[in-house]
Amino acid sequence: QVQLVESGGGLVQPGGSLRLSCGASGRFFRINDMGWYRQAPGKQRELVATITSHGSTTYADSAKGRFAISRDNTKNTVFLQMNSLKPEDTAVYYCNAVATTTRDYVRVNYWGKGTLVTVSS
């Protein structure tokens, strides 16, 4: 199994920046795709950004030009640099990872517990 732990959330003013981190631990053969999702109050969870094991990235339209996803494969860690934050970015941000298991060698989807980002003046 895999455990994902997010960090870096907090309170920031509009226009500010935050850097989220998510580390994967546990028993796995390999971490494949990783990504960040968010869920605002009263809304459904939505994709923010994804990154493959080789560094190919995708972004939601709302994140393009402001957010940047990256990863360190040696540390099984994914990052999300968030700049020019807006009040509408306020949400719980969840780390997502697809991992290949060590015993069965199948891909399983995992989620972190989330970290709260609040953008407010």
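Please refer to the structure higher up on the page.
These remarks concern the structure in this document. (Residues numbered from 1 in each chain as written. Predicted model: local features only at pLDDT ≥ 70, side-chain atom pairs only at ≥ 80, totals over all residues. Heavy atoms only, no water.)

What to know about the pattern of salt bridges
Taken as a whole and judged by the stated rule, the model has five salt bridges. Close ionic contact of Glu46 with Arg38 constitutes a salt bridge, the shortest N to O distance being 2.9 Å. A relative accessible area of 37% places Glu46 in the partly exposed class. According to the relative accessible area criterion, Arg38 is buried, its value standing at 6%. As a salt-bridge pair, Asp104 and Arg103 come within 4.0 Å of each other at their nearest N and O atoms. The pair Asp104 / Arg103 is uniform in exposure class, with both members exposed. Taken together, the shared-partner salt bridges connect Arg38, Glu46, Arg66 and Asp89 into one network. (Salt bridge = Lys/Arg side-chain N within 4 Å of Asp/Glu carboxyl O. Buried < 20%, exposed > 50% of the residue type's maximum accessible area, 1.4 Å probe, protein only.)

Focus on the state of the cysteines
Tallying each qualifying case throughout the model produces one disulfide. The disulfide partner of Cys22 is Cys95, and the S-S distance across this bridge is 2.0 Å. Between Cys22 and Cys95, the disulfide has an S-S torsion of -85° and is therefore left-handed. Pair noted here: Cys22 is in strand β3 (residues 18-26) and Cys95 is in strand β9 (residues 91-100), with a separation of 73 residues, a long-range link. (Disulfide = S-S within 2.5 Å. Helix = DSSP H or I, 4+ residues; strand = E, 2+ residues; numbered from the N terminus.)

Focus on the environment of Ala91
With respect to the helices and strands, the residue Ala91 is situated in strand β9. With near-sequence residues (within four places) excluded, Ala91 lies in contact with Arg38, Gln39, Ala40, Thr115, Leu116 and Val117. (Contact = heavy atoms within 4.5 Å.)

Here we look at the sheet that holds strand β8 (residues 77-82)
Within the open sheet, the four strands sit side by side as β1-β3-β8-β7. Their pairing is antiparallel. Only two strands of the sheet have a single partner each, and these edge strands are β1 (2-7) and β7 (67-72). If you compare each strand with its neighbour and ignore which way they point, the axes differ by 15° on average. Direction of pairing for β1 relative to β3: antiparallel, over a ladder of six bridges. Following the sheet pairing, Ser7 is matched in β3 by Ser21. (Pairing = 2+ DSSP bridges. Axes fitted to C-alpha atoms, helices over the stretch in contact; angles between N-to-C directions.)

Fair warning: the whole summary comes from geometry, so function is off the table for now.
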